Amino acid sequence: MLMAHPAVLNDLVDRYETLRVLDPADSGVRRRLEDVSYTLCVATGTSDVDAALVAARLRLLGARPLDDSAVA
């Protein structure tokens, strides 16, 4: 399975957490939350957003803080 780069995972988790605190009645917010939830699941190989968040956070714990391999 391909592994998402830590910077991508970090961005997805940040976007998810930001959208979670916004108004869910707003259809734009709800649609973006669904999109980022789906992307998190794909990036972590899970089928549930809660499992995706756990998997992403676990991978981020083991990531090198200055990993710039995607830009090298």
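Criteria and thresholds
- Residues numbered from 1 in each chain as written.
- Predicted model: local features only at pLDDT ≥ 70, side-chain atom pairs only at ≥ 80, totals over all residues.
- Heavy atoms only, no water.
- Helix = DSSP H or I, 4+ residues; strand = E, 2+ residues; numbered from the N terminus.
- Expected span 1.5 Å × (residues − 1).
- Buried < 20%, exposed > 50% of the residue type's maximum accessible area, 1.4 Å probe, protein only.
- Arc of directions from axis to C-beta.
- Contact = heavy atoms within 4.5 Å.
- Salt bridge = Lys/Arg side-chain N within 4 Å of Asp/Glu carboxyl O.
- Axes fitted to C-alpha atoms, helices over the stretch in contact; angles between N-to-C directions.
- Parallel < 35°, antiparallel > 145°, perpendicular 65-115°, else oblique.
- Left-handed = near helix turned anticlockwise from the far one by under 90°.
- Core = buried A, V, L, I, M, F, W, Y, C linked by side-chain atoms within 4.5 Å.

J.: Teacher, can you tell me more about helix H1 (residues 6-21) here?
T.: Side chains that are three or four residues apart share a direction in an α-helix, a result of its 3.6 residues per turn. The end-to-end C-alpha separation of H1 is 23 Å, in line with the 22 Å expected for 16 residues at 1.5 Å each. Those residues of H1 not exposed but buried are Leu9, Leu12, Val13, Tyr16 and Leu19. Down the axis of H1, the buried side of the element spans an arc of 135°, and every buried residue falls inside it. Along its buried surface, H1 packs onto helix H2 (27-44) and helix H3 (49-61).

J.: Would you explain the pattern of salt bridges in this entry?
T.: Any two side chains of opposite charge can pair if their charged atoms end up close together. Applying the stated criterion across every chain yields a total of 2 salt bridges. In this structure, Asp11 and Arg15 form a salt bridge, with 3.3 Å as the shortest nitrogen-oxygen distance. Residue Asp11 and its partner Arg15 are located together in helix H1, separated by 4 residues, close to a single helical turn. The exposure class assigned to Arg15 is partly exposed, which follows from its relative accessible area of 40%. The salt bridge partner of Arg57 is Glu17, with a shortest N-O separation of 2.3 Å. A residue pair is termed long-range when its members are at least 10 positions apart, and Arg57 in helix H3 and Glu17 in helix H1 qualify at 40 residues. Overall, the relative accessible area of 37% leaves Arg57 in the partly exposed class.

J.: Just checking my understanding: could you explain the packing of H1 against H3 for this structure?
T.: Each pair of packed helices can be described by the angle between their axes along with the distance between the axes. Put simply, H1 and H3 touch, their axes get as near as 10 Å, and they point 135° apart. As the angle between them shows, H1 and H3 are arranged oblique. Considering the relative orientation of H1 and H3, their crossing is left-handed. Across the interface between the two elements, Pro6, Leu9, Asn10, Val13, Tyr16 and Glu17 of H1 pack against Val49, Leu53, Ala56, Arg57, Arg59 and Leu60 of H3.

J.: Just checking my understanding: could you explain the nonpolar core for this structure?
T.: Within the largest apolar cluster, 15 residues are counted, with the highest numbers of intra-cluster contacts made by Tyr16, Val36 and Leu40. Where this core is concerned, the elements lending two or more residues are H1, H2 and H3. Considering every element that reaches this core, the biggest residue donor is H2, with 6 residues. Excluding residues that lie within four positions of it along the chain, Leu40 makes contacts with Leu12, Val13, Tyr16, Ala52, Leu53 and Ala56.

These figures come from the coordinates and say nothing about function on their own.
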